[in-house]
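Spelled out, the chains give:
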Protein chains: 6
Amino acid sequence: MFFHRQELQHQATPERPDAVYARKLQEVLGGQYGEITVAMQYGFQSWNIHLPGKYRDLLYGIGAEEFGHVEMLATMIAQLLEKAPLGITDEAVQNDPTVAAVIGGTDLQHAIVAGAGARPVDSMGNPWSAGYITASGNLLADFTANANAEMQGRLQVARLYHMTDDHGVRDLLAFLLARDTMHQNQWLAAAQELRDEGLEGLPVPDNFPLGKEDRDVSYQYINFSNGQHASEGRWASGPTPDGKGEFSYVAEPPAGVPMPPPTHPDARLYGT
Amino acid sequence: MFFHRQELQHQATPERPDAVYARKLQEVLGGQYGEITVAMQYGFQSWNIHLPGKYRDLLYGIGAEEFGHVEMLATMIAQLLEKAPLGITDEAVQNDPTVAAVIGGTDLQHAIVAGAGARPVDSMGNPWSAGYITASGNLLADFTANANAEMQGRLQVARLYHMTDDHGVRDLLAFLLARDTMHQNQWLAAAQELRDEGLEGLPVPDNFPLGKEDRDVSYQYINFSNGQHASEGRWASGPTPDGKGEFSYVAEPPAGVPMPPPTHPDARLYGT
Amino acid sequence: MFFHRQELQHQATPERPDAVYARKLQEVLGGQYGEITVAMQYGFQSWNIHLPGKYRDLLYGIGAEEFGHVEMLATMIAQLLEKAPLGITDEAVQNDPTVAAVIGGTDLQHAIVAGAGARPVDSMGNPWSAGYITASGNLLADFTANANAEMQGRLQVARLYHMTDDHGVRDLLAFLLARDTMHQNQWLAAAQELRDEGLEGLPVPDNFPLGKEDRDVSYQYINFSNGQHASEGRWASGPTPDGKGEFSYVAEPPAGVPMPPPTHPDARLYGT
Amino acid sequence: MFFHRQELQHQATPERPDAVYARKLQEVLGGQYGEITVAMQYGFQSWNIHLPGKYRDLLYGIGAEEFGHVEMLATMIAQLLEKAPLGITDEAVQNDPTVAAVIGGTDLQHAIVAGAGARPVDSMGNPWSAGYITASGNLLADFTANANAEMQGRLQVARLYHMTDDHGVRDLLAFLLARDTMHQNQWLAAAQELRDEGLEGLPVPDNFPLGKEDRDVSYQYINFSNGQHASEGRWASGPTPDGKGEFSYVAEPPAGVPMPPPTHPDARLYGT
Amino acid sequence: MFFHRQELQHQATPERPDAVYARKLQEVLGGQYGEITVAMQYGFQSWNIHLPGKYRDLLYGIGAEEFGHVEMLATMIAQLLEKAPLGITDEAVQNDPTVAAVIGGTDLQHAIVAGAGARPVDSMGNPWSAGYITASGNLLADFTANANAEMQGRLQVARLYHMTDDHGVRDLLAFLLARDTMHQNQWLAAAQELRDEGLEGLPVPDNFPLGKEDRDVSYQYINFSNGQHASEGRWASGPTPDGKGEFSYVAEPPAGVPMPPPTHPDARLYGT
Amino acid sequence: MFFHRQELQHQATPERPDAVYARKLQEVLGGQYGEITVAMQYGFQSWNIHLPGKYRDLLYGIGAEEFGHVEMLATMIAQLLEKAPLGITDEAVQNDPTVAAVIGGTDLQHAIVAGAGARPVDSMGNPWSAGYITASGNLLADFTANANAEMQGRLQVARLYHMTDDHGVRDLLAFLLARDTMHQNQWLAAAQELRDEGLEGLPVPDNFPLGKEDRDVSYQYINFSNGQHASEGRWASGPTPDGKGEFSYVAEPPAGVPMPPPTHPDARLYGT
Ligand SMILES: [Ca+2]
Ligand SMILES: [Ca+2]
Ligand SMILES: [Ca+2]
Ligand SMILES: [Ca+2]
Ligand SMILES: [Ca+2]
Ligand SMILES: [Ca+2]
């Protein structure tokens with residue numbers, strides 16, 4: 001069960017309206033790595049988890065916070081839109097490049113569809129899609145997905161920080177950056193703990209019988225381009241992170257096998 | 001520039017057609033974590049990269065291999081479909097539950113749209129979307145995304161392995177599992193190398209000035225659910241993976257701040 | 001069968017081209033509540049209807065009008081685009097902020113893809129999706145959907161009215177506003193008539209046996225947030241609109257039940 | 001802020017696994033009118049609302065409940081999937097039509113992608129899209145949208161009720177049906193209260209100056225099909241629900257106006 | 001303006017219900033090349049056309065017919081669904097493989113969402129998207145798109161013809177096949193007429209100054225794979241269809257140019 | 001198998017950065033008819049082809065070139081973005097209309113998501129979708145689709161040519177225009193060769209028994225609009241392109257048949 005309290009985790013009030021920035025901020029609300037994504041991702045991971053105890057509590061404990069982040073960003077965006085220019089109703093204004101420019105940079109649906117409200121979309125207006133989220137039932141894979149999501153998210157917030165000088169907006173971003181710092185660290189720590197406790201290991205899934213895979217190509221870097229420098233990386237020699245092999249470098253892909261002959265399906269499919 | 005050779009990296013011929021399995025295999029061809037995703041993801045990362053040398057060569061060297069994986073799976077699927085039942089043209093057949101069942105489990109567009117060919121879709125028929133891929137320009141974030149993609153991909157192939165007993169199919173899956181093993185290891189090694197060489201670190205992006213974030217909440221686990229076990233994890237105490245702090249556990253979220261008052265946009269937006 | 005006549009229901013000619021406004025107008029052509037949506041929605045409702053007579057004739061009678069609204073808007077948009085600036089081919093022009101601003105505010109595909117033609121998209125460029133429409137086979141539910149669609153549509157047109165001072169455009173919008181007024185009234189009247197004639201009632205679907213639902217929570221307002229004012233609304237006390245109960249107000253959600261234990265699916269799915 | 005408690009509002013445990021039914025139940029979790037839609041819809045409406053007091057508290061008070069409904073359905077689906085058949089690994093089994101049939105009717109991503117977990121998709125596997133939700137900033141329009149959503153939702157649950165005889169599943173559906181009954185009644189009552197209090201009226205938006213619309217066609221039923229029975233409905237004569245006019249019936253659309261001449265955009269767009 | 005008449009262009013009544021076939025038929029109603037696509041495509045082409053006269057009349061004259069094809073298919077599908085099995089409410093039935101098989105092969109939303117009605121989706125349940133349609137403002141390009149659409153459409157109908165033995169369904173398909181035959185011929189004839197009249201030519205757009213393109217590679221077949229047989233085709237030697245050159249065959253792609261150095265954007269974007 | 005060489009087929013370096021133009025160029029990279037579309041389309045056609053020899057080699061030989069075109073455009077876009085303005089961090093700058101205008105016209109995700117890198121999207125930010133591609137297994141249909149794709153693509157590049165005066169960009173576009181010239185000619189030649197060799201003919205598919213279609217309407221132009229000029233086109237009289245009939249012109253659609261009676265599905269679907 002979820003409960004709501006009419007408070008925000010952190011203050012979310014801009015110094016002044018800025019409809020162009022409101023659009024930019026949509027990215028971390030409704031984009032591929034916005035707050036809706038992590039809220040829903042941690043939600044589905046918690047509802048599907050097979051392990052009771054600390055990992056399950058971790059997912060539940062964080063998921064609800066993220067819905068609160070969605071709320072803070074939506075609230076901030078609605079305020080940034082409060083004095084958004086309605087449009088151009090007078091030729092003089094229409095020719096004022098500053099006004100026109102501002103309008104050119106806004107999310108038009110903020111005004112036309114939402115009446116100056118936040119929208120569940122990214123900065124280019126694409127609606128949020130559940131195709132963004134990951135919940136596989138395998139925690140090591142999913143915690144790696146979560147670490148990535150928090151990295152991409154913090155990167156985007158850091159970029160957005162330099163696109164405004166509004167102290168109210170920056171104050172909220174400073175808070176979100178810190179929480180992303182925590183969440184990056186947390187998922188990396190949790191992934192390591194899963195491995196330390198032997199619950200899952202590399203390569204994911206580590207209890208698929210290794211003998212069933214083609215072990216002769218399990219640690220080969222095979223170079224399908226013509227750059228030579230990849231041989232200098234630690235992915236090209238030395239022990240592998242899974243502790244089960246040694247990397248090797250294959251400068252040229254070995255010859256392949258002939259392609260199978262073309263197929264001939266039922267004539268009533270009218271292929272040529 | 002890309003070049004094609006009419007060979008396959010590994011044999012891809014089933015023992016017998018199986019239209020139901022062909023549909024399942026679409027997941028690792030055209031799904032969120034299928035081969036099209038990694039091929040396009042490594043492609044965009046390589047075209048956008050800022051660092052010359054080994055990391056760039058790594059991205060180029062692997063990307064082309066993945067397009068070859070797309071080709072192997074498409075070829076395999078077309079063969080699995082070769083004798084796909086066309087449909088039901090006779091009442092006796094229509095009442096044969098085995099035939100009906102097989103048809104119920106197929107991707108109908110394999111026959112109607114592609115004439116027994118592979119499709120750029122997942123196992124439920126959703127067309128592949130570029131919204132699946134990640135290429136942020138920050139290599140530590142992106143290599144983490146890549147490690148996740150290879151984990152999710154190998155997990156799906158491992159699951160698919162048990163859904164067939166066709167030796168030809170399993171032979172291809174054994175090869176793909178091994179390459180996913182390599183690629184998981186490789187991206188984790190590359191992520192570590194970036195950190196060892198000081199090119200990027202935690203929290204990503206590590207050259208955003210830490211002083212600009214709310215450091216007092218950067219390492220707090222704040223528990224928004226009522227499970228108590230999350231306090232037992234290494235994400236709740238001890239040094240953080242970024243080496244810059246100590247985790248702490250906050251059992252109850254601190255009081256928030258009041259919500260800002262409702263907004264009042266231009267009356268001509270006709271809100272209530 | 002549908003027939004076309006090369007006339008428009010109402011004049012649709014702007015005083016002057018305005019490529020920025022053309023983009024805005026796309027919202028009510030190809031957006032979630034644009035004319036394509038209502039045309040296709042009334043179409044599918046009429047093709048699926050189970051009742052002969054006046055309700056069926058109503059759906060047929062209105063649907064074709066809406067396709068004509070699509071046509072009027074598309075025609076208007078093409079004219080608004082007639083003198084759209086092609087782009088920037090000269091540095092002097094490129095630095096003219098007015099030109100740049102106009103270009104910043106246009107739908108780029110109007111020029112690049114459609115050659116100054118209307119597009120089947122909304123104001124942010126999202127292609128129209130059949131996922132917007134509703135046709136459930138239950139007329140009371142669907143007429144309520146229709147009333148909502150006409151309300152949202154009229155609201156958007158009213159907002160757009162203030163974003164231009166072109167008399168030709170406003171003349172068309174004045175016509176569309178009036179038709180939306182009619183259609184709002186019509187669907188509300190039709191919904192009421194369904195109830196008056198006993199064809200359907202509240203709660204929809206009203207012939208699902210009420211005894212099969214948990215009647216003890218059928219009229220409770222349960223407050224999952226901490227605001228106290230919802231108790232003052234007519235949804236919190238007094239008779240319910242379906243005439244079958246009395247609203248009550250529950251200030252705190254009652255205790256829930258324990259969550260079921262985590263699941264343990266087949267080991268070959270490689271969960272953790 | 002949102003908080004989570006590890007309890008469910010109502011018991012959600014099936015008597016026995018049923019992977020085919022799990023797929024069907026996805027519709028009311030992740031479909032156009034599933035629980036994710038209402039949870040997110042009420043969320044965005046509350047974050048964008050302009051009125052303090054009872055309407056705002058209403059939106060907040062209900063929104064969090066809906067996220068709990070998402071959780072109950074996801075939990076139920078994961079349990080229905082617990083013993084889902086993994087696939088076909090043996091020719092004898094492959095020819096068992098019952099097993100094949102079950103597999104034909106499942107959501108393949110439940111196994112391959114989620115490892116027997118719930119997915120944020122509808123019953124046909126389409127990922128949930130934020131394009132489903134409505135939050136316009138106008139409460140009368142939005143409460144009508146909400147009433148429609150609860151009608152469509154209850155209709156779908158009623159249909160699903162007859163597609164299983166599992167007492168555990170039916171017990172949860174009985175609870176959800178009752179809550180949908182409440183929510184239908186509540187939004188209709190709230191819409192009426194808005195009108196009674198003069199905050200908004202018909203036609204929405206009622207403070208757009210009526211004089212600016214084409215009043216001569218504001219209450220005409222214009223018949224674009226050839227059925228004659230629509231003239232018998234209350235939408236064709238008598239006073240209009242907005243109290244501002246009288247319906248009239250126009251059996252044949254009046255003649256239109258000539259289409260404007262074709263456009264001639266810049267030659268460098270290479271139209272024909 | 002569009003007008004509707006309550007008649008069908010051709011009879012559309014199945015001999016008996018068949019919910020599995022209803023799903024298959026969705027492909028040519030709401031798929032990439034279904035009737036909605038051609039109806040909307042010809043619509044947008046006609047609303048955007050720049051030429052008065054026969055080409056414009058052609059587009060208008062055909063577009064309305066296609067909306068009638070949408071209606072015939074929707075009507076047929078609703079009838080095919082009339083006796084669709086509701087689901088499984090009894091264990092005995094649940095174990096009847098024939099019933100289970102049928103249910104496995106249906107579009108679940110036909111029952112749950114549409115109450116046994118047609119849906120605006122393809123055979124795999126993907127909602128129709130306006131991203132399918134083409135209307136570029138260049139008639140030679142668009143008539144080629146139209147010819148392709150009618151070819152793909154007729155191909156799909158031909159495949160569907162063999163998936164049923166219902167005489168009523170086949171009777172409708174025989175009609176649609178004939179109309180697709182007409183429309184293929186018509187668009188090819190119209191494309192030829194455009195060329196004969198000098199309104200447009202090859203390469204499209206033919207009034208872009210040829211001198212501005214790299215004429216030395218305008219007619220070279222450059223072989224990026226290792227098959228040698230492409231040299232045998234008429235695309236590898238002889239005069240080109242545009243009448244402006246001679247094909248030549250280049251067995252190996254010439255050496256390329258070095259890639260530009262990696263970019264170095266603003267440091268505040270935090271790339272690596 | 002695919003191989004990569006770190007070279008470009010043609011130089012791809014702009015004279016100067018231009019973030020607004022970078023966004024426009026996305027159309028021919030990631031739009032409906034961009035290079036990703038043709039690369040993937042030719043790929044799937046080659047993997048599904050049934051004919052060995054020259055047609056198969058043609059598809060393989062061209063597909064890899066198109067992936068190289070994707071790479072050239074992505075590389076160009078990244079360079080156009082190199083000095084993209086980061087945003088507005090200072091009030092003075094914020095009020096500079098030129099800067100604001102430029103920002104209004106950019107793809108915001110270029111900066112926020114990709115850190116000044118190319119994106120797999122079109123000029124309006126829609127992610128590339130596999131729903132754009134066509135691979136039916138019937139080569140005459142597919143080569144017509146390919147000819148259309150190259151026409152639409154060349155048209156878009158021609159339009160883009162006039163939207164910049166950057167010599168580096170125009171130099172690349174000149175190359176792409178020439179290759180599109182080749183590919184248009186090539187697919188038309190290949191389509192003709194298929195017909196000349198009797199592998200496929202008109203109407204597609206030509207081996208579906210013509211006797212099974214309604215031959216009486218196979219060559220009728222039926223006029224569903226009221227324009228009279230369509231009778232003047234060669235699609236209205238004379239021999240048909242398939243050589244199997246004579247066009248005729250039907251000025252008024254013949255009377256249709258009555259619609260079937262409404263359906264009455266199972267009462268438990270709760271229709272009205
Ligand atoms: Ca967050
Ligand atoms: Ca791979
Ligand atoms: Ca309308
Ligand atoms: Ca609910
Ligand atoms: Ca047709
Ligand atoms: Ca190309």
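Owing to the predicted nature of the structure, the values given are computational and were not obtained by experimental measurement.

(A) Layout of the overall build of chain A. Across its full length, chain A holds eight helices and six strands. For chain A, the succession of helices and strands along the chain, N to C, is β-β-α-α-α-α-α-α-α-α-β-β-β-β. Relative to a compact globule of 272 residues, whose C-alpha radius of gyration would be 19 Å, chain A shows 25 Å and is clearly more extended. Dimensions of chain A, computed from the C-alpha atoms along their principal axes, are close to 70 × 60 × 50 Å. With an accessible surface of roughly 6,900 Å², chain A has 51% of that area assigned to carbon and sulfur atoms. Looking at chain A, you have 18 positive and 34 negative side-chain charges, and the mean spots of the two groups are 2 Å apart.

(B) Broad picture of the pattern of salt bridges. In the structure shown here, the tally under the stated rule is 60 salt bridges over all chains. Residue B:Lys54 pairs with B:Glu193 through a salt bridge whose shortest N-O separation is 2.5 Å. One end of the pair, B:Lys54, is in helix H3 (residues 54-80); the other, B:Glu193, is in helix H8 (residues 167-196), with 139 residues separating them in the sequence. Comparing B:Lys54 with B:Glu193 shows no difference in burial state: the two are buried. We note a salt bridge from B:Glu197 to B:Lys54, for which the minimum N-O separation is 2.4 Å. Taken together, the residues B:Glu197 in the loop between H8 and strand E3 (220-222) and B:Lys54 in helix H3 connect sequence positions 143 residues apart. It is possible to trace a salt-bridge network through shared partners that takes in A:Glu15, A:Arg16 and A:Asp165.

(C) How the structure looks around the relation of the copies chain A and chain B. The two copies are related by a screw operation: chain A maps onto chain B through 180 degrees of rotation and 0.0 Å of translation along the axis, at an RMSD of 0.0 Å. Taken together, the rotation and translation describe the operation of a two-fold axis. With an isologous cut-off of 70% or more, the 100% of interface residues of chain A that recur at the interface of chain B puts this contact in the isologous class.

(D) Focus on the interface of chain F and chain A. Facing 47 residues of chain F, the contacting portion of chain A comprises 38 residues. Of all residues in chain F, F:His50, F:Leu108 and F:Ile112 give up the largest surface area on contact with chain A, accounting jointly for 21% of the area buried on that side. Our enumeration of links across chain F and chain A arrives at zero salt bridges. Scanning the region where chain F abuts chain A turns up 13 residue pairs in polar contact (both at pLDDT 80 or more). Elements with a minimum of two residues in the side of chain F that touches chain A: strand E1 (2-4), helix H3 (54-80), helix H4 (91-94), helix H5 (97-104) and helix H6 (108-112) of chain F. Residue contributions to the side of chain F that touches chain A peak at five residues, all from H5(F).

(E) Region of the structure containing the packing of aromatic side chains. Tallied over the full model, the rule gives 78 aromatic pairs over all chains. Judged by centre distance (5.5 Å) and plane angle (5 degrees), the rings of E:Tyr221 and E:Tyr249 are stacked. Of this pair, E:Tyr221 sits in strand E3 (residues 220-222) while E:Tyr249 sits in strand E5 (residues 246-250), placing them 28 residues apart in sequence. We classify E:Tyr249 as partly exposed; its relative accessible area is 25%. Counting every residue linked through ring pairs, the aromatic cluster contains A:Tyr42, A:Tyr55, A:Phe143, A:Trp187 and B:Trp235.

(F) Examining the interface of chain A and chain B more closely. Across the contact, 108 residues belong to chain A and 108 residues belong to chain B. With both sides pooled, the region where chain A packs onto chain B buries about 9,300 Å², and carbon together with sulfur makes up 63% of that total. Taken as a group, A:Arg234, A:Trp235 and A:Met259 account for 7% of the area that chain A buries against chain B, more than any other trio of residues on that side. Our count for the chain A to chain B interface comes out at four salt bridges. Of the charged contacts in the structure, one is a salt bridge between A:Asp196 and B:Arg234, with a shortest N-O distance of 2.7 Å. Counting across the chain A and chain B interface gives 50 residue pairs in polar contact (both at pLDDT 80 or more). Every element with two or more residues in the side of chain A that touches chain B is listed here: strand E2 (7-8), helix H3 (54-80), helix H7 (139-161), helix H8 (167-196) and strand E3 (220-222) of chain A. No other element matches H8(A), which puts 16 residues into the side of chain A that touches chain B. Here the side of chain A that touches chain B is composed, by residue class, of 51 nonpolar, 36 polar and 21 charged. Summarising the sheet, E2(A) and strand E6 (residues 257-258) of chain B pair through two bridges and their orientation is antiparallel. When the bridges of E6(B) are listed, A:Glu7 appears paired with B:Pro258.

(G) Layout of the coordination of the calcium ion (ligand 5). Residue and element names in this part refer to chain E. The calcium ion (ligand 5) binds to the protein through Glu35 (OE), Glu35 (OE), Glu66 (OE) and His69 (ND1); the donor distances cover 2.3 to 2.7 Å. Along the chain, the residues donating to the calcium ion (ligand 5) are arranged with the sequence spacing E-x30-E-x2-H. Taken as a pair, glutamate 66 and histidine 69 lie in helix H3 (residues 54-80) at a separation of three residues, close to a single helical turn. Classification of glutamate 66 by relative accessible area gives buried; the value is 1%.

(H) Examining the sheet that holds strand E5 (residues 246-250) of chain A more closely. Read from one edge to the other, the open sheet built from three strands follows the order E3-E5-E4 (chain A), with strand pairing classed as mixed. Single-partner strands in this sheet number two, and they are E3 and strand E4 (238-239) of chain A. Sheet analysis places E4(A) next to E5(A), joined by two bridges and oriented antiparallel. Counted as the bridge partner of A:Pro239 is A:Glu246 from E5(A). Packing against the sheet, H8(B) makes contact with E3 and E5 of chain A, and its axis sits at approximately 90 degrees to E3(A).

(I) Local environment of the domain arrangement of chain A. Assigned domains within chain A: domain 1 (19-196) and domain 2 (210-250). Taking only C-alpha atoms, the centre of domain 1 of chain A and the centre of domain 2 of chain A are 37 Å apart.

(J) Examining the packing of H3(E) against helix H8 (residues 167-196) of chain E more closely. Residues and elements named next belong to chain E. Contact geometry of H3 with H8 gives a least axis separation of 12 Å together with a crossing angle of 160 degrees. Looking at the two axes, H3 sits roughly antiparallel to H8. Viewed along their axes, H3 and H8 form a crossing whose handedness is left-handed. Seen from H3, the contacting residues are Lys54, Tyr55, Leu58, Leu59, Ile62, Glu65, Glu66, His69, Met72, Leu73, Met76 and Leu80; seen from H8, they are Gly168, Val169, Leu172, Phe175, Leu176, Arg179, His183, Gln186, Trp187, Ala190, Glu193 and Leu194.

(K) Focus on the relation of the copies chain F and chain A. Of the transformation superimposing chain F on chain A, the axial component is 0.0 Å and the angular component is 120 degrees, with the fit at an RMSD of 0.0 Å. A rotation of that kind, with that shift, is consistent with a three-fold axis.

(L) Representation of the environment of D:Val28. Residue and element names in this part refer to chain D. Looking at where valine 28 falls in the secondary structure, it is placed in helix H1 (residues 19-30). In sequence terms valine 28 and leucine 80 are 52 residues apart; their C-alpha atoms lie 15 Å from each other. With residues near it in sequence (within four places) discarded, valine 28 still touches Gly34, Glu35, Leu73, Gln156, Val157 and Leu160.

(M) Here's a closer look at helix H7 (residues 139-161) of chain B. Residues and elements named next belong to chain B. For H7, built from 23 residues, the straight-helix expectation of 33 Å at 1.5 Å per residue is met to within 8% by its first-to-last C-alpha distance of 32 Å. The element H7 is extensively covered by neighbouring structure, given that 23 of its 23 residues are classed as buried. Looking at where H7 begins, the residue whose side-chain oxygen comes 3.2 Å from the main-chain nitrogen of leucine 140 is asparagine 138.

(N) Examining the environment of B:Glu252 more closely. All names here are of chain B. Locating glutamate 252 in the fold gives a position in the loop between strand E5 (246-250) and E6. Residue glutamate 252 is classed as exposed on the basis of its relative accessible area, which comes to 64%. When the C-alpha atoms of glutamate 252 and alanine 111 are compared, they prove to be 57 Å apart, with 141 residues separating the residues in sequence.

Analysis parameters
Residues numbered from 1 in each chain as written. Chains lettered and ligands numbered in written order. Predicted model: local features only at pLDDT ≥ 70, side-chain atom pairs only at ≥ 80, totals over all residues. Heavy atoms only, no water. Helix = DSSP H or I, 4+ residues; strand = E, 2+ residues; numbered from the N terminus. Rg over C-alpha atoms; globule rule 2.2 N^0.38 Å. Areas by Shrake-Rupley, 256 points an atom, 1.4 Å probe, with all protein chains shown as cover. Lys, Arg positive; Asp, Glu negative; His and termini not counted. Charge placed at Lys NZ, Arg CZ, Asp CG, Glu CD. Salt bridge = Lys/Arg side-chain N within 4 Å of Asp/Glu carboxyl O. Buried < 20%, exposed > 50% of the residue type's maximum accessible area, 1.4 Å probe, protein only. Least-squares fit on C-alpha atoms with pLDDT ≥ 70 in both. Contact = heavy atoms within 4.5 Å. Buried area = accessible area lost by both parts, 1.4 Å probe. Polar contact = N/O pair within 3.5 Å; in protein donor to acceptor, adjacent residues only side chain to side chain. Phe/Tyr/Trp six-rings, centres within 6.5 Å; stacked < 30°, edge-to-face > 60°. Nonpolar A, V, L, I, M, F, W, Y, C, P; charged D, E, K, R; others polar. Pairing = 2+ DSSP bridges. Donors = N, O, S within 2.8 Å, 3.2 Å for Na, K, Ca; no water. Axes fitted to C-alpha atoms, helices over the stretch in contact; angles between N-to-C directions. Domains from an automatic or database assignment. Parallel < 35°, antiparallel > 145°, perpendicular 65-115°, else oblique. Left-handed = near helix turned anticlockwise from the far one by under 90°. Expected span 1.5 Å × (residues − 1).

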